Amino acid sequence: KGVKEIAKKVNEEAGETAIAAVTNDGRLIEEAADLVFHLLVLLRSQDKKMEDVTDKLYERSANQ
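The notes below deal with the structure included here.

Conventions adopted
Residues numbered from 1 in each chain as written. Predicted model: local features only at pLDDT ≥ 70, side-chain atom pairs only at ≥ 80, totals over all residues. Heavy atoms only, no water. Helix = DSSP H or I, 4+ residues; strand = E, 2+ residues; numbered from the N terminus. Rg over C-alpha atoms; globule rule 2.2 N^0.38 Å. Buried < 20%, exposed > 50% of the residue type's maximum accessible area, 1.4 Å probe, protein only. Contact = heavy atoms within 4.5 Å. Areas by Shrake-Rupley, 256 points an atom, 1.4 Å probe, with all protein chains shown as cover. Lys, Arg positive; Asp, Glu negative; His and termini not counted. Charge placed at Lys NZ, Arg CZ, Asp CG, Glu CD. Expected span 1.5 Å × (residues − 1). Arc of directions from axis to C-beta. Salt bridge = Lys/Arg side-chain N within 4 Å of Asp/Glu carboxyl O.

### Here we look at the overall build of the chain
Scanning the chain from N- to C-terminus turns up three helices and zero strands. Listing every helix and strand of the chain by position from the N terminus yields α-α-α. Here the C-alpha radius of gyration of the chain, 14 Å, is well above what a compact globule of 64 residues would show, namely 11 Å. C-alpha atoms of the chain, sized along the principal axes, occupy 35 × 35 × 15 Å. Residue burial in the chain is summarised as follows: out of 64 residues, 14% are buried. Taking as baseline every contact in the chain between residues at least 6 positions apart, the subset at least 24 positions apart corresponds to 44%. Surface exposure of the chain reaches about 5,200 Å², of which carbon and sulfur atoms provide 56%. Of the side chains in the chain, 10 bear a positive and 13 a negative charge, and the two mean positions are spaced by 6 Å.

### Quick notes on helix α2 (residues 28-45)
Taking 1.5 Å per residue as the helical rise, α2 with its 18 residues ought to reach 26 Å, and the 26 Å between its terminal C-alpha atoms agrees with that figure. Looking only at α2, the buried set comprises Glu 31, His 38, Leu 42 and Leu 43. Summarising the axial view, the buried residues of α2 lie within an arc of 145 degrees, below the 170-degree limit, and thus occupy one face. Opposite the buried face of α2, by more than 90 degrees, sit the exposed residues Ile 29 and Arg 44. For α2, the secondary structure elements touched by its buried residues are α1 (3-23) and α3 (50-62).

### Structural notes on the environment of Leu 28
Following the sequence through the fold, Leu 28 ends up in helix α2. Residues Leu 28 and Glu 16, twelve residues apart in the sequence, show an inter-C-alpha distance of 8.5 Å. Leave out the neighbours within four places in its chain, and Leu 28 touches Thr 17, Ala 20 and Ala 21.

### As for the pattern of salt bridges
For the coordinates displayed, the defined rule picks out six salt bridges. When the shortest N-O distance is used, the salt bridge between Lys 8 and Glu 5 registers 3.2 Å. Taken together, the residues span about one helical turn, with Lys 8 and Glu 5 both in helix α1 at a distance of three residues. A residue is classified by how much of its surface remains accessible, and Lys 8, at 52% relative accessible area, is exposed.

Shown next as structure tokens:
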């Protein structure tokens, strides 16, 4: 559906994940899984990998 639609889905799932955490409604893991899935789809649409993200996190932690 294109990057705009994928990005909208990531945003939606991020909000649902945050709400699940705040309300403690028992859906945090389910919503987090949806968020990660759509983030992976977004990364793939931009020819990126989760490994690129974990490499950046490692780089940041090494610089602290």
